[in-house]
Amino acid sequence: MKVYPFGSEDAPAILLLPGTCCHWKGNFGHVIPLLAANYHVLCVSYDGFDETEQSEFPTMLEETEKIEAYIQENCGGHIRAAYGCSLGGSFVGLLAARQNIQMDYGILGSSDLDQASAFAAKLLVNLAMPLIYPMIRDGKMKGRFLQKRMEKREQQMPEYTRAFLKMLGGARPYVTMQSCKNQFYSDMITPLPDKIAVPGTEIHIFYALKMGEKYRSRYQQHFACPVIHEQDLQHEELLACCPEKWVQLVKSIIH
């Protein structure tokens, strides 16, 4: 795992955590310059997903321990905020629940917080990965049917579809299928406690309403008093398509 720092070390620290199988630049490259003027931006690049390392993603808890160790060593154990894009929101929840570091604000971006039994998670991973992994490895869907589905989606939502694909990070042949499997599987079987409430930590959630109503109850299940910011958008559409508005909202939360 690597952490890429930007901005002044004396500024308040904000940790950026990428989504599932994403490259850190794809997720956050377009917003880092907008944040770095005011904050010490720390962008995590997970094990198995960084082109400068030869590693594989282990488990959510092992990766969380590495993130905690970095914050303890480099930030005195305290950060102003952490933003988790999609899967990154699971890390935000784990960091809050474990209380090994102090963060003033934890922000989840359109996270689904899916949980499943080990059997169901393994089944889902084995079904999904042959479809998803070629996109990560080669930057394009495998098979004519999936390619046509993607083309149809792009016709229906051209800006969002193109932005979402860009967020994945393009072709990355160095990412192994095992890293992707480990990340998918571990995220689903790693329990997130209910009613997380940590003194001194505010939890904010960017709730993309077009994902579905079930996610509201899921957020309220896992966090005691989350501040939910409703957005009539798709999954992480604000970050993908409206970087200036995303930065404005993040800054309004963490001051």
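Coordinates for the structure precede this section.
Residues numbered from 1 in each chain as written. Predicted model: local features only at pLDDT ≥ 70, side-chain atom pairs only at ≥ 80, totals over all residues. Heavy atoms only, no water.

Asks: Where do I start with unusual backbone geometry in this structure?
Replies: Across residues other than glycine, the phi torsion is negative in most instances, and most of the peptide bonds are trans. A positive phi angle is found at C21, which is not glycine, with a value near 60 degrees. For C21, the location among the structural elements is in the loop between β2 (13–17) and α1 (24–28). Given a relative accessible area of 2%, C21 falls into the buried group. Positive phi is not limited to glycine here, since K195 has a value of about 55 degrees. Tracing the backbone shows K195 in the loop between α8 (177–189) and β6 (202–208). (Helix = DSSP H or I, 4+ residues; strand = E, 2+ residues; numbered from the N terminus. Buried < 20%, exposed > 50% of the residue type's maximum accessible area, 1.4 Å probe, protein only.)

Asks: Would you explain helix α5 (residues 118–138) in this entry?
Replies: Think of an α-helix as 3.6 residues a turn; residues three or four steps apart then line up on the same face. The terminal C-alpha atoms of α5, which comprises 21 residues, lie 29 Å apart, in line with the 30 Å expected from a rise of 1.5 Å per residue. The largest bend in α5 is about 50 degrees, located at M129, with the proline P130 one to four residues further on. For α5, the set of buried residues is A121, V125, M129, Y133, P134, M135 and I136. Looking at the buried residues of α5, the elements they touch are α7 (158–168) and α8. Phi for G139, located one or two positions after α5, is positive at around 80 degrees. (Expected span 1.5 Å × (residues − 1). Bend = angle between axes of the 7 residues up to and from the residue. Contact = heavy atoms within 4.5 Å.)

Asks: Hey, could you run me through the packing of aromatic side chains in this one?
Replies: By convention here, two paired aromatic rings are described through the distance between centres and the angle between planes. Under the criterion given, the structure shown has ten aromatic pairs. Each ring, one from Y83 and one from W246, has its centre 4.9 Å from the other, and the planes form 85 degrees; the classification is edge-to-face. One end of the pair, Y83, is in strand β4 (residues 78–85); the other, W246, is in helix α11 (residues 243–254), with 163 residues separating them in the sequence. One aromatic cluster is present, built from ring pairs that chain together F28, Y83, F206 and W246. (Phe/Tyr/Trp six-rings, centres within 6.5 Å; stacked < 30°, edge-to-face > 60°.)

Asks: Looking at this model, I keep getting lost on α8. Mind explaining?
Replies: With 13 residues, α8 should reach 18 Å at 1.5 Å per residue; the first-to-last C-alpha distance of 18 Å fits that figure. Within α8, burial applies to S179, C180, N182, Q183, S186, D187 and M188. Buried residues along α8 sit against α3 (60–74), α4 (88–98) and α5.

Asks: Explanation requested: the sheet that holds β4 in the structure shown.
Replies: Strand pairing in a sheet relies on backbone hydrogen bonds. The paired strands run either parallel or antiparallel. An order of β1-β3-β2-β4-β5-β6-β7 is seen for the seven strands of this open sheet, with the pairing classed as mixed. Both outer strands of the open sheet, β1 (2–6) and β7 (227–231), are each paired with one neighbouring strand and no more. Geometrically, the sheet is characterised by an average inter-axis angle of 20 degrees between neighbouring strands, direction not taken into account. (Pairing = 2+ DSSP bridges. Axes fitted to C-alpha atoms, helices over the stretch in contact; angles between N-to-C directions.)

Asks: Explanation requested: the pairing of strand β3 (residues 40–45) in the structure shown.
Replies: Each regular strand carries side chains that alternate between the two faces of the sheet. By the criterion of burial, β3 is predominantly enclosed, with six of the six residues buried. Neither face of β3 is exposed, since H40, L42 and V44 on one face and V41, C43 and S45 on the opposite face are all buried. Bridging between β2 and β3 involves four bridges; their strand directions are parallel. Following the sheet pairing, A13 is matched in β3 by H40.

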